[in-house]
Amino acid sequence: MKTLTTEILVIGGGVTGAGVAWDAALRGFDVILVEQRDVGHGTSGRFHGLLHSGGRYAVKDAISAQECIHENRILRQTHAHCIEDTGGFFVVTPEDAQSDYPQRFVQGCAQAGIPCDEISVAAALRLEPRLNPAINQVFAVPDASVDGFKLIHATMQAARLAGARIFTYHQVVSLLVAGDDDARRVIGAQVQDVVRDERVLIHAALVINAAGAWSGRIAAMADVSVDIVPGKGVMLATAHRLVNRVINRCKWPGDGDILVPAHTVSIIGTTDTAVSDLEHLTIEEWEIQKMLTEGEKMIPGFAQTRILRAWAGVRPLYRETAVSDDRDISRKFTLLNHHVRDGVARLITITGGKLTTFRMMAERTVDLAAAILGPRRPCTTASTPVPGAEKGAYWLGHRLQDVERNRWQNQLICECELVTRGMLEDAVRQNPTVGLDDLRRDVRLGMGPCQGGFCTYRAVGVVHELKLEKGLSAETGNAAWASEQGGSSDTVRASQLYNPNLLLRDFLQERWKGVRPIVWGQQLKQEALDQLIYLSILNADHLPDAQLKSPLSDFYHQESTDA
Ligand SMILES: Cc1cc2nc3c(=O)[nH]c(=O)nc-3n(C[C@H](O)[C@H](O)[C@H](O)COP(=O)(O)OP(=O)(O)OC[C@H]3O[C@@H](n4cnc5c(N)ncnc54)[C@H](O)[C@@H]3O)c2cc1C
């Protein structure tokens, strides 16, 4: 069995794990991060896309509000290229006009240090013509739109440059625990490399559990109880961008009261319902209806807008069951030292929080790690830009500008998201890509109105060509796979993963999951066209390997959806 040794093992490749790996590596710790699938596979790849100003929490939770504005300012420097500086409005709709919330909101913003300027409704309507003209008041705050995939990739890249080793498609299957009942300590983890189908033993001086909604399962591997109550939130993406600023309702936070511009689309969300099964998130009709009804209050006509996709993410809501005072650092995230709390040394859990506050959560976590392992260099993440930050904030037209300037029209693979052949090839070369869905997270492949209708077959061809460059022939790969299903040789597994038929099928399947809940009107016409292309022209259901099961099909064929 392959064995690795490190000081800190981080479990979870969401934004929290990425932040911890980056911070710890910058301080001089030897770090390994393992993620069971691709980075951003969990909640960090299925969130709303809002860089909070803190306005959302100004009345309800002053500490969160302060944390958000503090981190909002830092991330605009350290992760500038992952942010579109849209600004945000809090609008008082006719339904919300009779409460004292707007006054309390203004006071709360002032106390938390959030810049908040009331502007006239007429001025707001000039800037956002689709806003409900019946709104009573508008407050401008420094909300922004954040590209979560870019942010995690950039943070992982920064962690790698600082020396961290990042292993995707490595799933922790057990924790290694030493000592007897009175002095138990975690000494590492046994990990399954799901691509090569082999076990890896990782010895670590400290294990940091950053597995989000899964962190209860990881803690249970050391017989420790971390009670996570997963809270599902549903979001819908419109087929085009309805607003250029984040629009929030100025009222007590509730369902469907935020609309975020995200690249070429707008995202409305969200809900909060307890779920028991993390792997099978179904989207109910009432949840879709709720988003449409609430959207209508901010943007008249919203309910008739073409919706291109629905998806859900899970909040890792933590419920304390153990008696200890070594827990909440803030009300919004939870840092647990299991030595103090449960008598199991060398294990930390960090969970909850917001994407906006991930850097601060990581800082507090690594402070605790340093207290356990011995101090190193001080934290520098607040003043260290990640690679790419020098480009500055992105803007809606940045891809179009690149395509036009560089005359890349004939190299477009995905017209909806303006993904060029070069972008796709770079992503394949730079990241340990396993499926087209990984590329979707990297470059937004297939995220536009046609949901992969035109780009999937082109992307499969490009990826396959790159694999052929590496000496893998389709015939050899397919034949080897067919004869050795379940085999464990690297070549066989790699061939399986790059089998073009399966790449195509898995990606279409994945896209379909998010379309299914909203397939009516124009999107139904689009789906009928996609079906003609893939089932009637390309006969995708009867390709040579139709009977074969992708090694990752258990992952791909779950019911969960993401943007
Ligand atoms: C619906 C919704 C909307 C939200 N919107 C916003 C927003 O607009 N702005 C904002 O700031 N915040 C938002 N949040 C909060 C934010 O998305 C989360 O706080 C954040 O993404 C959590 O990141 P994480 O890394 O802790 O968890 P995750 O991103 O879930 O990462 C945990 C990772 O651990 C991995 N893992 C699990 N088990 C194992 C294992 N055995 N081995 C290896 N890896 C494993 C998972 O695959 C996963 O990738 C939203 C949350 C939800 C649910």
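Not measured: the values here are computed from a predicted model.

A.B. asks: Give me the overall build of the protein: which residues, what numbers.
C.D. replies: When you go through the protein residue by residue, the secondary structure sums to 18 helices and 24 strands. Per-residue burial over the protein gives 59% buried out of 563 residues. When the accessible area of the protein is evaluated, it comes to approximately 22000 Å², of which 51% is carbon and sulfur surface.

A.B. asks: Describe the site of the ligand, and please don't skip the residues or the numbers.
C.D. replies: Among the 36 residues in the neighbourhood of the ligand, the closest are listed as T16, E35, S44, L50 and T356. Between the ligand and the protein, one listed contact pairs an oxygen atom with a backbone N or O atom of G42 at 3.3 Å. Considering the ligand on its own, with 1000 Å² of exposed area, one finds that the protein chains cover 97% of that surface. Of all the secondary-structure elements, those providing two or more residues to the shell around the ligand are α1 (15-26), β10 (170-178), β13 (227-238) and β18 (307-319). Within the shell around the ligand, the residues separate by chemical class into 13 nonpolar, 20 polar and 3 charged.

A.B. asks: Residue-level account of the packing of helix α12 (residues 436-443) against helix α16 (residues 500-515), with values.
C.D. replies: Contact geometry of α12 with α16 gives a least axis separation of 8 Å together with a crossing angle of 60°. In terms of their interaxial angle, α12 and α16 are classed as oblique. In this structure, α12 contributes L436, D437 and R440 to the contact, and α16 contributes L503, F507, E510 and R511. Tallied by class, the residues present in the contact of α12 with α16 amount to 3 nonpolar, no polar and 4 charged.

A.B. asks: Can you lay out the pairing of strand β7 (residues 137-141) for me, pointing to particular residues and giving the numbers?
C.D. replies: Sheet topology places strand β5 (residues 88-92) next to β7; 5 bridges connect them, and they run antiparallel. From the neighbouring strand, V91 faces β7, where its bridge partner is V138.

A.B. asks: Please give an account of helix α11 (residues 421-430) that cites residues and values.
C.D. replies: Burial in α11 covers these residues: L424, E425, A427 and V428. Here the buried residues of α11 occupy an arc of 160° about the axis, which is enough to place them on one side. Exposed residues lying more than 90 degrees from the buried face of α11 are R429 and Q430.

A.B. asks: Could you give an account of the sheet that holds strand β8 (residues 144-146), with specific residues and numbers?
C.D. replies: Read across the open sheet, the 3 strands follow the order β3-β8-β4; overall the sheet is antiparallel. At either margin of the open sheet sits one strand with a lone partner, and together these are β3 (50-51) and β4 (83-84). Sheet analysis places β3 next to β8, joined by 2 bridges and oriented antiparallel. Its bridge partner being in β8, L51 is matched across the sheet by A144.

A.B. asks: Go over the packing of α16 against helix α17 (residues 521-537) with me, naming the residues and quoting the values.
C.D. replies: Interaxial distance between α16 and α17 falls to 12 Å at its minimum, and their mutual angle equals 165°. Between α16 and α17, the angle falls in the class roughly antiparallel. The element α16 and its partner α17 pack so that their crossing is left-handed. The residues of α17 that touch α16, namely those facing L504, L508, W512 and V515, are Q523, E527 and Y534. Classifying every residue of the contact of α16 with α17 by side-chain character gives 5 nonpolar, 1 polar and 1 charged.

A.B. asks: Lay out the side chain of N132 in plain terms, naming residues and giving numbers.
C.D. replies: Mapped onto the elements, N132 comes out in the loop between α4 (121-127) and β7. A relative accessible area of 11% means that N132 is categorised as buried. At 3.0 Å, the side chain of N132 and the backbone oxygen of K297 are in polar contact. Ignoring anything within four residues of it in the chain, the contact list for N132 reads P94, L125, K297, M298 and P300.

A.B. asks: Run through the confidence of the model for the protein, naming residues and quoting values.
C.D. replies: Parts of the prediction with low pLDDT should not have their coordinates interpreted in detail. Looking at the protein as a whole, its pLDDT mean stands at 89, while 89% of the residues score no less than 70. Contacts for the low-pLDDT stretch residues 476-492, under 50 throughout, to residues beyond four places or in other chains number 23 contacts.

A.B. asks: So, the pattern of salt bridges: which residues are in play, and what are the values?
C.D. replies: Following the criterion strictly, the structure yields 29 salt bridges and no others. Of the charged contacts, one joins D85 and R76 as a salt bridge, the two residues approaching to 2.9 Å between their closest N and O atoms. Look at D85 and you get exposed, because its relative accessible area is 52%. In this structure, E465 engages R421 in a salt bridge whose closest nitrogen and oxygen atoms are separated by 2.7 Å. With E465 in helix α13 (residues 455-469) and R421 in helix α11, this pair connects stretches of sequence that are 44 residues apart. What makes E465 partly exposed here is its relative accessible area of 44%. Among the ionic contacts, a cluster of salt bridges with common partners joins D38, D437, D438, R440 and R441.

A.B. asks: A description of the environment of D541 should follow, citing residues and the corresponding values.
C.D. replies: Tracing the backbone through its elements, the reader meets D541 in the loop between α17 and α18 (553-556). Along the chain, D541 and N501 lie 40 residues apart, while their C-alpha atoms are 9.6 Å from each other.

A.B. asks: Go over the environment of R104, please, and point to the residues and values.
C.D. replies: With respect to the element layout, R104 can be found in helix α3 (residues 101-112). Overall, R104 belongs to the partly exposed group, its relative accessible area being 36%. Taking the C-alpha atoms as reference points, R104 and K60, separated by 44 residues in sequence, lie 9.7 Å from one another.

Parameters at a glance
- Residues numbered from 1 in each chain as written.
- Predicted model: local features only at pLDDT ≥ 70, side-chain atom pairs only at ≥ 80, totals over all residues.
- Heavy atoms only, no water.
- Helix = DSSP H or I, 4+ residues; strand = E, 2+ residues; numbered from the N terminus.
- Buried < 20%, exposed > 50% of the residue type's maximum accessible area, 1.4 Å probe, protein only.
- Areas by Shrake-Rupley, 256 points an atom, 1.4 Å probe, with all protein chains shown as cover.
- Near = heavy atom within 4 Å.
- Polar contact = N/O pair within 3.5 Å; in protein donor to acceptor, adjacent residues only side chain to side chain.
- Nonpolar A, V, L, I, M, F, W, Y, C, P; charged D, E, K, R; others polar.
- Axes fitted to C-alpha atoms, helices over the stretch in contact; angles between N-to-C directions.
- Parallel < 35°, antiparallel > 145°, perpendicular 65-115°, else oblique.
- Contact = heavy atoms within 4.5 Å.
- Pairing = 2+ DSSP bridges.
- Arc of directions from axis to C-beta.
- Left-handed = near helix turned anticlockwise from the far one by under 90°.
- pLDDT = per-residue confidence, 0-100.
- Salt bridge = Lys/Arg side-chain N within 4 Å of Asp/Glu carboxyl O.

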